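# Architecture at a glance
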Amino acid sequence: MSSNADVLIIGGGLAGLCCALRLHQSGISFQVLEASDGVGGRVRTDEVEGFLLDRGFQVLLTAYPEARRVLDYDALNLRPFYPGALIRYKGRFYRFADPWRHPIDGIKGLFSPIGSFSDKLRVRKLRQQVLTGSLQDLYNRPEFTTLQALRNIGFSENMIDRFFKPFIGGVFFDPNLGVSSRMFEFGFRMFSMGDTALPSKGMGAIPDQIASKLPGGAVRKEARVESIQEDGVILKSGEKIKARSVVVATEGPEAARLLGDKEKSGSRSVTCLYFETNELTLSEPLLVLNGEGKGPINSLCCPSSMAPSYAPKGKSLVSVTIIGNPNQSDQQLETAVRVQLTEWFGPGVSRWRYLRTYRILHALPLQVPPVSNPTSRPAQLRPGLFMCGEYNNVASIQWAMVSGRQTAEAVIDWLRK
Ligand SMILES: Cc1cc2nc3c(=O)[nH]c(=O)nc-3n(C[C@H](O)[C@H](O)[C@H](O)COP(=O)(O)OP(=O)(O)OC[C@H]3O[C@@H](n4cnc5c(N)ncnc54)[C@H](O)[C@@H]3O)c2cc1C
């Protein structure tokens, strides 16, 4: 069967949706083919018994330039986190504040046992470093692993272990900090320039907002593409769809399969457990980091402390993040997590009700050096065949959105030629 669309976009995650939006704005006809039952890809929210469960703990960094350009932040009703974190260390919680936004808490934190006094001054140096120059400049700088970059600045091992490993390790799902320093510097720049926030209706409101700007019927759900042909695609159902151009906007491993690429880049996994409680576990909108280096939990937060709509009235939602995909059943994992939660919050944890576990096997690509410069336009793979998303081993909400738009612009140029 032939489609009336000029362009087929495989995948309705943020990259595919932003590609579609740009094509739509230029009056180019397109069809998004999405394998699952909804848009958003890795950014989706499930409603379960009145709770909003994001499929894995995730946040929007409001400084993302592309998100600022495309999204209507007011309509998302963004609810920010406190700029800093609560770090669990030696049986206590210590507040680690961003001194530029919370000077008093920042000064108090100078005397905490998380890193030395000099480490806290080095944060200033790091901040200056990441805020200097354009994003293009940042992605052209010498590249190291993040661990090496932190050591180059002079951070102590205590500061790296207590703060950077759970914090940055939790952002990239890489507790050993092998991730590229360019990704780290980009992330730290965004954390320094804006808020870390949740939309009040869950992270899934982000792709929903983009999809709402597309014409009706633009996204065909439950349409898994099996293979790419010279003149279109074949769906898993066997249906053939023709078009002048095809854009691959799937996650990296699936893109590799569709393109017959033998060199698959690896994946970082993450696991997220949700609990409900009647107690106000964390009244402040804070991220809690495990600075003790033991136990399954990397971090946790109470999304309902940021955005009350994440839980029914009178209840709190707790989200626990574990890096990787532990080789335990959900029940064994819940038990292990409860042991650690009880150490942290006391025996009341036994009254918390377990809601759900999400295991995301491909949460992010490895993003180890060398990563490409995501500010440059993606290449055409062959006449009419393009790729966006994680094509260059660089992921995030920002770069998925940019890659979608830039790929659409490349497609438009090609179609007009
Ligand atoms: C738990 C978690 C937390 C994260 N936290 C953050 C964060 O805080 N901040 C941040 O910036 N980034 C975060 N990320 C990363 C960010 O979500 C991703 O980089 C980004 O959403 C990827 O978008 P994408 O469109 O490239 O891919 P995806 O979202 O994976 O979309 C790909 C789409 O393609 C579809 N598809 C796959 N195969 C086929 C096929 N054969 N046919 C048709 N359709 C197909 C999939 O169903 C999916 O909808 C997080 C990711 C995870 C998993």
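Residues numbered from 1 in each chain as written. Predicted model: local features only at pLDDT ≥ 70, side-chain atom pairs only at ≥ 80, totals over all residues.

### Details of the site of the ligand
Convention followed: Any residue whose C-beta atom, as set from the backbone, lies within 6 Å of a molecule or strand is reported as near that molecule or strand. Here the limits of each domain have been adopted from an automatic or database domain assignment.
Lining the immediate environment of the ligand, one finds 34 residues, of which Gly11, Gly13, Gly41, Gly56 and Gly389 sit closest. Lining the shell around the ligand are residues from two domains, each supplying at least three of them: domain 1 (7-44 + 204-265 + 377-416) and domain 2 (45-79 + 198-202 + 267-365).

### Observations regarding the pairing of strand 9 (residues 196-199)
The condition is simple: Pairing between strands is defined by DSSP: at least two bridges between the two strands are required. The way it works is that DSSP assigns letters per residue, a run of H or I at least four long becomes a helix, a run of E at least two long becomes a strand, and they are numbered from the N terminus.
Both strand 5 (residues 60-61) and strand 9 contribute to a ladder of two bridges, which runs antiparallel. Of the residues in strand 9, the one forming a bridge with Leu61 is Thr196. In this sheet, strand 9 lies alongside strand 6 (residues 78-80) in antiparallel orientation, the contact comprising three bridges. Opposite Pro80, over in strand 9, you have Ala197 as the bridge partner.

### Focus: the packing of helix 5 (residues 117-131) against helix 9 (residues 181-193)
Selection criterion: Fitting a line to C-alpha atoms yields each axis, with helices limited to the stretch in contact; the angle taken between N-to-C directions then spans 0 to 180 degrees. Note on terminology: angles under 35 degrees are roughly parallel, angles over 145 are roughly antiparallel, angles of 65 to 115 are roughly perpendicular, and the others are oblique. Here, residues touch in the contact sense if the C-beta positions derived from the backbone fall within 7 Å of one another. Gly counts as polar in this scheme, as do all residues outside two lists: the nonpolar Ala, Val, Leu, Ile, Met, Phe, Trp, Tyr, Cys and Pro, and the charged Asp, Glu, Lys and Arg.
Closest axis-to-axis distance for the helix 5/helix 9 pair is 9 Å, and the angle between their directions is 100°. Here helix 9 runs roughly perpendicular to helix 5, going by the angle between their axes. Facing Leu126, Arg127, Val130 and Leu131 of helix 5, the residues of helix 9 in contact are Glu185, Phe188, Arg189 and Ser192. By residue class, the composition of the contact of helix 5 with helix 9 is four nonpolar, one polar and three charged.

### A short note on the environment of Thr145
Locating Thr145 in the fold gives a position in the loop between helix 6 (135-138) and helix 7 (146-153). For the pair formed by Thr145 and Val179, sequence separation is 34 residues and the distance between their alpha carbons is 5.5 Å. Ignoring anything within four residues of it in the chain, the contact list for Thr145 reads Leu177, Gly178, Ser181 and Pro369.

### Re the packing of helix 1 (residues 14-25) against helix 14 (residues 397-416)
Cut-off, in case you're wondering: In this scheme, a crossing is called left-handed if the near helix is turned counterclockwise away from the far one by less than a right angle; it is called right-handed if the turn is clockwise.
Look at helix 1 against helix 14: their axes get within 7 Å of each other, and the N-to-C directions meet at 40°. Taken as axis vectors, helix 1 and helix 14 run oblique relative to one another. In the packing of helix 1 onto helix 14, the handedness of the crossing is right-handed. The residues of helix 14 that touch helix 1, namely those facing Leu14, Ala15, Gly16, Leu17, Cys18, Cys19, Arg22 and Leu23, are Ile397, Ala400, Met401, Ser403, Gly404, Arg405, Thr407, Ala408, Glu409 and Val411. For the contact of helix 1 with helix 14, a count of residues per class yields eleven nonpolar, four polar and three charged.

### A closer look at the sheet that holds strand 21 (residues 385-387)
An order of 10-2-1-14-21-20 is seen for the six strands of this open sheet, with the pairing classed as mixed. Unpaired on one side and paired on the other, strand 10 (219-220) and strand 20 (380-382) mark the two borders of the sheet. Bridge count for strand 2 (residues 30-33) against strand 10 is two bridges, and the pairing is parallel. Bridging across to strand 10, Leu33 finds its partner in Arg220. The strands touched by helix 14 within the sheet are strand 1 (7-10), strand 14 (245-248), strand 20 and strand 21, with strand 14 carrying the most contacts at an inclination of about 165°.

### Focus: unusual backbone geometry
Stated formally: Three exposure classes are used, all based on how many other C-beta atoms lie within 10 Å of a residue's own C-beta (placed from the backbone): buried at 20 or more, exposed at 12 or fewer, and partly exposed between those limits.
Here the residue pair Pro369 and Pro370 is connected by a cis peptide bond, since its omega of 0° sits within 30 degrees of zero. For Pro370, the position within the fold is in the loop between strand 19 (353-365) and strand 20. Of note in the backbone geometry, Glu222 takes a positive phi value of approximately 50° without being a glycine. With respect to the helices, strands and loops of the structure, Glu222 is situated in the loop between strand 10 and strand 11 (225-229). In this structure Glu222 comes out as partly exposed when scored by C-beta crowding, with 13 C-beta atoms within 10 Å. Positive phi, normally seen in glycine, also occurs at Ser396, with a value near 145°.

These figures come from the coordinates and say nothing about function on their own.
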